[in-house]
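# Results of the structural survey
Given next are the chains, with one letter for each unit.
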Amino acid sequence: MSCPTAGPTVLLNSGAQMPILGLGTYKLRSQDEVLTAVDAALGCGYRSFDSAAVYQNESELGKALRELMPKYGLTRGDVFVTSKLDPKDHGEKAREAVLHSLDLLQLDYIDLLLIHWPGTRGMPVQDDRNTGNRAQSWITLEELYAEGKLKNIGVSNYTPTHMRQLVKDCKVRPAVLQVEFHPRLCQKELRSVCAELGVCFQAYSSLGKGEFISDPVVAEIATKYGRTSAQVLLRWAVQQGVPVLPKSSNPDRIKENAAIFDFTLDDTDMDRLSALDCGQRVCWDPSGVV
């Protein structure tokens, strides 16, 4: 199986180009594990790496990139690094938290910093303070964006209501919304809101935490194209222009997940996959957060 030297990119509203394929690093913790995954990813064309404060691997990712970029003839400008604000650091703690992420990554800037969750950890989802904390966090991100420490800012796990609240008062419109997205959760309303607002809609959990690999429809389509179920699920998203962040620590799986740009699903199969939509979530539901 051949790997691309670089995948396509999507244009963000900031003018930046973000790779449509990125490596998710959730649950990658040890330095050896991160180094192995990043090495495999860089070797087959990944140029985007998604971390978060709550993943507790920002330091490991930063170190891996510094060590491995020269091996592949890359410089800092060739890679796109994403991290996220810990929900416990909403509000007054946001600036210190983001600067700490920069220190751990040992970077001069982060390409994309997301608010990870619309609520504050330890606070009831219906507590009105969530709204104020969220707004204060965004103001902090706008300030760091103006200072050049963040090249793009965005949000994760926001609902249509959260998105409309944000854009009503913000000075800098979010560049990205990262949410759970797969054939069983097509997020039609949220995608429509993002299109209306000019926000890039990005997917996580494209494989449903691995649950959807054995779905009969997915498996049947995979057989038809001589591909794996994972490749079909990822292709379904990117064929709609939705960036994906498959996570793996297995070099062969990382390589497999990158090989999604040399085939096309026909309209019938795209529709069959989309028809699986049933609102099923495999991750947290943010709809209860005020």
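Residues numbered from 1 in each chain as written. Predicted model: local features only at pLDDT ≥ 70, side-chain atom pairs only at ≥ 80, totals over all residues. Heavy atoms only, no water.

What the seven strands build is an open sheet, ordered β3-β4-β5-β6-β7-β8-β9; its pairing is parallel. Pairing within the sheet leaves two strands with one partner each, and these edge strands are β3 (23-24) and β9 (200-204). (Pairing = 2+ DSSP bridges. Helix = DSSP H or I, 4+ residues; strand = E, 2+ residues; numbered from the N terminus.)

Inspection of the secondary structure assignment puts Trp117 in the loop between β6 (112-115) and α4 (129-146). Judged by relative accessible area, Trp117 falls into the buried class, the value being 16%. In contact with Trp117, other than residues within four places in its own chain, are Pro87, His90, Ser156, Asn157, Tyr158, Trp284, Asp285, Pro286 and Val289. (Buried < 20%, exposed > 50% of the residue type's maximum accessible area, 1.4 Å probe, protein only. Contact = heavy atoms within 4.5 Å.)

Another point: unusual backbone geometry. Here the phi dihedral of Lys27 falls at roughly 75 degrees; this positive angle occurs in a residue that is not glycine. Here Lys27 lies in the loop between β3 and α1 (31-43). Look at Gln56: it is not a glycine, yet its phi comes out positive at around 55 degrees. When you line up the elements, Gln56 lands in the loop between β4 (48-50) and α2 (58-68).

Next up on the list: the nonpolar core. The tendency in soluble globular proteins is for nonpolar side chains to be buried side by side. Ranked by internal contacts, the top residues of the largest apolar core, which has 87 residues, are Val38, Tyr46, Phe49, Met163 and Leu177. Here this core gets seven residues from one element, more than from any other, and that element is helix α8 (residues 229-238). Excluding its chain neighbours within four sequence positions, the residues that come into contact with Met163 are Val155, Tyr158, Pro174, Leu177, Leu190, Val193, Leu197 and Val199. (Core = buried A, V, L, I, M, F, W, Y, C linked by side-chain atoms within 4.5 Å.)

Counting across every chain of the model gives 16 salt bridges. A salt bridge links Asp39 to Lys71; its shortest N-O distance comes to 3.0 Å. Of this pair, Asp39 sits in helix α1 while Lys71 sits in the loop between α2 and β5 (80-85); the two residues are 32 residues apart in sequence, bridging distant segments of the chain. Using a relative accessible area of 53% as the deciding quantity, one classes Lys71 as exposed. Between Glu147 and Arg95 there is a salt bridge, with its nearest N and O atoms 3.0 Å apart. Separated by 52 residues along the polypeptide, Glu147 in the loop between α4 and β7 (153-156) and Arg95 in helix α3 (residues 94-105) bring together distant segments of the chain. (Salt bridge = Lys/Arg side-chain N within 4 Å of Asp/Glu carboxyl O.)

Moving on: the environment of Ser248. Inspection of the secondary structure puts Ser248 in the loop between α8 and α9 (251-258). Judged by its relative accessible area of 12%, Ser248 is buried. For the pair Ser248 and Tyr26, spaced 222 residues apart in the sequence, the C-alpha separation amounts to 8.6 Å. There is a polar contact of 3.0 Å between the side chain of Ser248 and the backbone nitrogen of Asn250. (Polar contact = N/O pair within 3.5 Å; in protein donor to acceptor, adjacent residues only side chain to side chain.)

The subject of this paragraph is the side chain of Ser206. Structurally, Ser206 is set in the loop between β9 and α7 (216-225). Those residues in contact with Ser206, other than ones at most four positions away along the chain, are Phe181, His182, Leu233, Leu234 and Val244.

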